[in-house]
Amino acid sequence: MKNAMKVGRAKMGMTQAELAEKVGVARQTIIAVEAGKFVPSTVLALKIAETLACPFEEMFRLEAEDWL
């Protein structure tokens with residue numbers, strides 16, 4: 001799954017630590033999600049998108065291999 005978290009954080013002027021605090025997770029979780037190493041729960045993904053003022057569908061996108 002691809003995500004636009006890094007771009008969204010830059011637009012909001014927010015650090016990984018600040019985003020983590022706002023959505024209630026560890027900074028390491030944000031790092032892992034941004035790197036594509038961890039797929040967030042639906043609730044966490046919605047919190048991230050809302051916090052970064054970005055529609056969910058623009059923040060997170062499935063890739064072809066996600067369908068296999």
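Data block above holds the structure.
So, a few notes on the structure that sits alongside this text. (Residues numbered from 1 in each chain as written. Predicted model: local features only at pLDDT ≥ 70, side-chain atom pairs only at ≥ 80, totals over all residues. Heavy atoms only, no water.)

Here's the deal with the overall build of the chain
Filter applied, for reference: Strands are runs of DSSP state E lasting at least two residues, helices are runs of H or I lasting at least four, and both sets are numbered from the N terminus onward. We compute the radius of gyration over the C-alpha atoms and compare it with the globule rule, which gives 2.2 Å times the number of residues raised to the power 0.38. Only protein chains enter the accessibility calculation, which uses a 1.4 Å probe. A residue is then buried if its area is under 20% of the maximum for its type, exposed if over 50%, and partly exposed in between. Any two residues having at least one pair of non-hydrogen atoms within 4.5 Å are treated as being in contact. In this description, accessible areas are obtained by the Shrake-Rupley approach with a 1.4 Å probe, and a residue is regarded as covered only by the protein chains that are shown. When charges are tallied, Lys and Arg are placed among the positive residues and Asp and Glu among the negative ones, while His and the ends of the chain are skipped. To locate a charge, the coordinates of NZ of Lys, CZ of Arg, CG of Asp or CD of Glu are taken.
Summing up its helical and strand segments, the chain has 5 helices and 2 strands in all. Traced from its N-terminal end to its C-terminal end, the chain shows the element sequence β-α-α-α-α-α-β. Its C-alpha atoms give the chain a radius of gyration of 11 Å, within 12% of the compact-globule value 11 Å for 68 residues. Counting only C-alpha atoms and orienting by the principal axes, one finds that the chain spans roughly 35 × 20 × 20 Å. Across the 68 residues in the chain, those meeting the buried criterion constitute 32%. Intrachain contacts of the chain at a sequence separation of at least 6 include 57% that bridge at least 24 residues. Accessible surface, the chain as shown: approximately 4,600 Å² in total, 56% of it carbon and sulfur. For the chain, the distance from the average site of its 9 positive side-chain charges to the average site of its 9 negative ones is 6 Å.

Some thoughts on the packing of aromatic side chains
Heads up, the condition is: Aromatic pairs are defined between Phe, Tyr and Trp rings, using the six-membered ring for Trp, whenever the two ring centres lie within 6.5 Å; interplanar angles under 30 degrees are classed as stacked, those over 60 as edge-to-face, and all others as tilted.
One pass over the full model with this rule turns up 1 aromatic pair. An angle of 40 degrees between the planes, with centres 5.7 Å apart, marks the rings of Phe-56 and Phe-60 as tilted. Overall, Phe-56 belongs to the partly exposed group, its relative accessible area being 32%.

Some words on the nonpolar core
Heads up, the rule is: Residues enter a nonpolar core if they are buried and are Ala, Val, Leu, Ile, Met, Phe, Trp, Tyr or Cys, with the set joined through side-chain atoms within 4.5 Å.
Among the nonpolar cores identified, the biggest contains 15 residues, and Met-5, Leu-19, Ile-30, Ile-48, Met-59 and Phe-60 are the most heavily contacted of them. Listing elements by their share of this core, those giving two or more residues are α2 (16-23), α3 (27-34) and α4 (42-51). In terms of residue count, the dominant contributor to this core is α4 (4 residues). Beyond its immediate stretch of four places on either side in the chain, Ile-48 contacts Met-5, Leu-19, Val-23, Ile-30 and Phe-60.

Describing unusual backbone geometry
Here Ala-53, not a glycine, exhibits a phi torsion of approximately 55 degrees, which is positive. In this fold, Ala-53 is placed in the loop between α4 and α5 (56-59).

What to know about α4
Here is the rule: Note that the arc is computed from the directions linking the helix axis to the C-beta atoms.
Along α4, the residues classified as buried are Leu-44, Ala-45, Ile-48 and Ala-49. The buried residues of α4 occupy an angular sector of 135 degrees when the element is viewed end-on, so they sit on one face. α4 presents Thr-42, Val-43 and Glu-50 as exposed residues on the side facing more than 90 degrees away from its buried surface. Structurally, α4 contributes buried residues whose contacts are with α1 (5-12), α2, α3, α5 and β2 (60-61). Downstream of α4 by a residue or two, Ala-53 has a phi angle that is positive, lying close to 55 degrees.

Any functional reading would require information that these geometric values do not contain.
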